[in-house]
Amino acid sequence: MSKKVVINKRLKGLTREALDQLSKTELIDKIVQLEAYNFQLKNLLQKKLSESDKNNDEYKTLLREEDGEQEPIPTNSMRTGEKPSSKRDKQRKFDWSSAHRRHVLLKIVYFGWDYQGFACQEDSNDTIESFLFRALLRTCLIESRTTSNYHRCGRTDKEVSAFCQVISIDLRSKFAPDLQMEADSLSSEIDYCSLLNRVLPKNIQCVSWMPLRSPVYSARFDCISRTYRYYFPKGDLDIEAMQDACKLLVSHGDFRNFCKMDVHNGVTNYMRNLQVAQIKPCDDTKLQKDGESGYAMYYLEIQANAFLWHQIRCIMAVLLLVGQRHEKPSIITELLDVAKNPCKPQYTPAIGLPLNLFHCEFRAHTTRRTNPSISANAEVDDDDDDMDSCTMETDIDETAATESDLTDWVYSEENLQKLIENVQCEWTQFSVKCSMIRNVLMQLEEMLARQFKPQLMLAQVFMLQDSVKPRQYQPLLQRKRCESLENRIDHFVKKQRLILKPDNTDSEQTKQIDENVA
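A short tour of the structure in this document, coming up. Source: prediction; values computed, not measured.

Parameters and conventions
Residues numbered from 1 in each chain as written. Predicted model: local features only at pLDDT ≥ 70, side-chain atom pairs only at ≥ 80, totals over all residues. Heavy atoms only, no water. Helix = DSSP H or I, 4+ residues; strand = E, 2+ residues; numbered from the N terminus. Buried < 20%, exposed > 50% of the residue type's maximum accessible area, 1.4 Å probe, protein only. Contact = heavy atoms within 4.5 Å. Areas by Shrake-Rupley, 256 points an atom, 1.4 Å probe, with all protein chains shown as cover. Salt bridge = Lys/Arg side-chain N within 4 Å of Asp/Glu carboxyl O. Polar contact = N/O pair within 3.5 Å; in protein donor to acceptor, adjacent residues only side chain to side chain. Axes fitted to C-alpha atoms, helices over the stretch in contact; angles between N-to-C directions. Parallel < 35°, antiparallel > 145°, perpendicular 65-115°, else oblique. Left-handed = near helix turned anticlockwise from the far one by under 90°. Nonpolar A, V, L, I, M, F, W, Y, C, P; charged D, E, K, R; others polar. Phe/Tyr/Trp six-rings, centres within 6.5 Å; stacked < 30°, edge-to-face > 60°. Lys NZ or Arg CZ within 6 Å of the ring centre and 35° of its normal. Expected span 1.5 Å × (residues − 1). Patch = residues over 30% accessible without salt bridge, like charges linked within 9 Å, V, L, I, M, F, W, Y side chains within 5 Å. Pairing = 2+ DSSP bridges.

## Description of the overall build of the protein chain
Part 1 of the argument: Each helix and strand in the protein chain was counted, giving 17 helices and eleven strands.
Part 2 of the argument: Within the protein chain, the proportion of its 518 residues that are buried is 43%.
Part 3 of the argument: For the protein chain, long-range pairs separated by at least 24 residues make up 80% of all intrachain contacts whose partners lie at least 6 apart in sequence.
Part 4 of the argument: Of the roughly 29,700 Å² of accessible surface on the protein chain, a fraction of 51% belongs to carbon and sulfur atoms.

Given below as structure tokens:
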């Protein structure tokens, strides 16, 4: 009988009934343990917070409470006997009991090089999602994250940008549910994007929003394809060889040798359907047409139903080795053959800064409504990067549905003009820096050609390979190997992080969900 791997879920805390059964000594031990854990978290938080975060009233109050300090009381209040007041006390709380909500998609653009990634983290407040939810709460568009029915399309890493990040969420509405899809209601609805952009950083902005007909439509599970672009200079790369290697990537295959394995989170299925992989020039400028120039810019465009952790960065690292003629394009086929190469060779992924989530496509009808139990189980763990949305599909007759769950994107002319202005300012800043650096390079290259024998320096690509340049290159298939998937599973089973269960179901779909989502 075959086995399936699932996460061994442990209760995060004891129930009230279980605590009632503990002795006084056991309760004291638990309190001491929790206080020590809180102390560790506080020290970790203080190290990670920036100066602006430490000056934030919310964090100042939190850290003061952890130290056991009391809020200072003004002397004039002590004399008069009045209670101390604060701006927070004077603010009138929003009455959510009478508020209407609508389910929408929000399209967000951000430049991620100044942030620690998209998703919220316990030890950092400097993530795109943290700023986004702060803006949503500040504008009273949501009551809380837990009640907002929130899903994200992609979870980008540190320094990665997005031109088309999409989230699904319930936002406050001016109209009752039965009136929300009327044309007059849509034209006079809250201008969500302009409202959010007033309080968001200039490099995190909302582009448009879409009203949804289904209240359970998910930006994560109903996304059918994601397209990323990875920008890079030509340098000394053989672009034709890289294009040949890209053709070998397009397949429905096992990409365990092109990712960072996330077995401890229950990810044991590394099959992905990679639909597009191609190298394209960025523009048609004179510099681009100069075949000898190492400064011409290209990008890798890659599209799939979903991606594994660091999959694109690992693919790019191997493509760069092919472009530098260290490896042949056939190395792609060798690494995709997991029967012949079950263990990944040790190599460093390419850096994340040039990567961006460029485009996402969504199915017309959500599949989550046809089997709520599967969707509910899938929502438990949202730690995978871009979960394989195909594993969430259930049988549905789309022809039976009269209307698509999707509608048209709603844009605001004023908001788009302001957004273009912000991005143009960003472009000016980096274009000026680029021109200054380019002029310095031209002078240095002229000095080299004048003082010594002419040499063509093409080191533009080196910084993308986040590693030390070896004196002698060692081919990938001759390097030390990482542990196999089976060994990793055995390790985490022994650690009781994962458990093996008999697979009694005949449904391949249920098996895949258990492997990926747990």
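## A word on the pattern of salt bridges
Part 1 of the argument: The final tally for this structure, using the stated rule, is 13 salt bridges.
Part 2 of the argument: The salt bridge partner of Glu143 is Arg101, with a shortest N-O separation of 3.2 Å. With Glu143 in the loop between helix H7 (128-138) and strand S3 (151-152) and Arg101 in strand S2 (residues 100-110), this pair connects stretches of sequence that are 42 residues apart.
Part 3 of the argument: By relative accessible area, Arg101 is classed as partly exposed at 33%.
Part 4 of the argument: Here Arg313 and Asp157 are joined by a salt bridge, their closest N and O atoms 3.9 Å apart. You can see Arg313 sitting in helix H12 (residues 311-323) and its partner Asp157 sitting in the loop between S3 and strand S4 (161-173), a full 156 residues away along the chain. Both residues of the pair, Arg313 and Asp157, belong to the buried class.
Part 5 of the argument: Among the charged side chains, a network of salt bridges with common partners joins Glu129, Arg145 and Arg152.

## A short note on the side chain of Arg226
Part 1 of the argument: Inspection of the secondary structure assignment puts Arg226 in strand S6 (residues 223-233).
Part 2 of the argument: Taking the relative accessible area as the measure of exposure, Arg226 reaches 0% and is therefore buried.
Part 3 of the argument: For Arg226, the side chain forms a polar contact with the main-chain oxygen of Arg220, separated by 3.2 Å.
Part 4 of the argument: In this structure the side chain of Arg226 is engaged in a polar contact, spanning 2.8 Å, whose partner is the backbone oxygen of Asn305.

## Things to note about H7
Part 1 of the argument: For H7, every residue scored as buried is listed here: Ile128, Glu129, Ser130, Leu132, Phe133, Ala135 and Leu136.
Part 2 of the argument: Considering only its buried residues, H7 is in contact with S2, S3, S4, helix H9 (192-197) and strand S5 (204-211).
Part 3 of the argument: Just beyond H7, the residue with positive phi is Cys140, at close to 55°.

## Looking at the packing of helix H10 (residues 239-249) against H12
Part 1 of the argument: Two elements in contact, H10 and H12, have axes separated by 8 Å at closest approach and are oriented at 140°. Considered as vectors, H10 and H12 are oriented oblique to each other. Helix-helix and strand crossings are classified by hand; for H10 and H12 the assignment is right-handed. The segment H10 lies against H12, with Ala241, Met242, Ala245, Cys246 and Leu249 engaging Ile315, Met316, Leu319, Leu320, Val322 and Gly323.
Part 2 of the argument: Looking at the contact of H10 with H12, its residues break down into ten nonpolar, one polar and no charged.

## Quick word on the packing of aromatic side chains
Part 1 of the argument: Using the criterion set out here, one finds 13 aromatic pairs in the structure.
Part 2 of the argument: With a centroid separation of 6.4 Å and 75° between ring planes, the pair formed by Phe111 and Phe163 is classed as edge-to-face. Of this pair, Phe111 sits in the loop between S2 and H7 while Phe163 sits in strand S4, and the two are 52 residues apart along the sequence.
Part 3 of the argument: Residue class for Phe111 comes out buried when judged on its relative accessible area of 15%.
Part 4 of the argument: Among the aromatic side chains, those forming a connected cluster through ring pairs are Phe111, Trp113, Phe163, Phe358 and Phe430.
Part 5 of the argument: One cation-aromatic arrangement involves Lys107 over Trp409; the distance from NZ or CZ to the ring centre is 4.5 Å.

## Some words on helix H15 (residues 413-451)
One turn of the α-helix equals 3.6 residues, which is why residues spaced by three or four share an orientation.
Part 1 of the argument: The terminal C-alpha atoms of H15, which comprises 39 residues, lie 56 Å apart, in line with the 57 Å expected from a rise of 1.5 Å per residue.
Part 2 of the argument: Within H15 the residues assigned to the buried category are Asn415, Leu419, Asn422 and Glu426.
Part 3 of the argument: Among the structural elements, S2, H9 and S5 are those in contact with the buried residues of H15.

## Section: the environment of Lys418
Part 1 of the argument: Mapped onto the secondary structure, Lys418 falls in helix H15.
Part 2 of the argument: Taking C-alpha positions, Lys418 is 9.0 Å from Ser194, a pair spaced 224 residues apart along the chain.

## Some details on a nonpolar patch on the surface
Part 1 of the argument: A contiguous nonpolar patch, built from Leu14, Leu19 and Leu27 and spanning about 210 Å² of accessible area, is present on the exposed surface.
Part 2 of the argument: Tracing the backbone through its elements, the reader meets Leu19 in helix H1 (residues 16-20).

## Let's talk about unusual backbone geometry
Part 1 of the argument: For Asn149, which is not glycine, the phi dihedral falls at a positive 55°.
Part 2 of the argument: Assignment of secondary structure puts Asn149 in the loop between H7 and S3.
Part 3 of the argument: One non-glycine residue, His310, lies in positive phi territory at about 60°.
Part 4 of the argument: Tracing the sequence through the fold places His310 in the loop between strand S9 (297-304) and H12.

## As for the side chain of Ser412
Part 1 of the argument: As for its placement among the helices and strands, Ser412 is situated in the loop between helix H14 (372-378) and H15.
Part 2 of the argument: For Ser412, a relative accessible area of 17% puts it in the buried group.
Part 3 of the argument: For Ser412, the residues in contact, after removing those within four places along its chain, are Asp191 and Ser194.

## Digging into the pairing of S2
Part 1 of the argument: The element S2 is extensively covered by neighbouring structure, given that nine of its eleven residues are classed as buried.
Part 2 of the argument: Relative to S5, S2 is paired through seven bridges, and the arrangement is antiparallel. Bridge pairing links Tyr110 to Ile204 in S5.

## Points about the pairing of S4
Part 1 of the argument: With twelve of its 13 residues buried, S4 lies for the most part within the structure.
Part 2 of the argument: Pairing of S2 with S4, which is carried by ten bridges, proceeds in the antiparallel orientation. For Ile108, the partnering residue across the bridge sits in S4 and is Gln165.
Part 3 of the argument: In terms of strand pairing, S3 meets S4 through two bridges, oriented antiparallel. Note that in S4 the partner of Arg152 across the bridge is Ile167.

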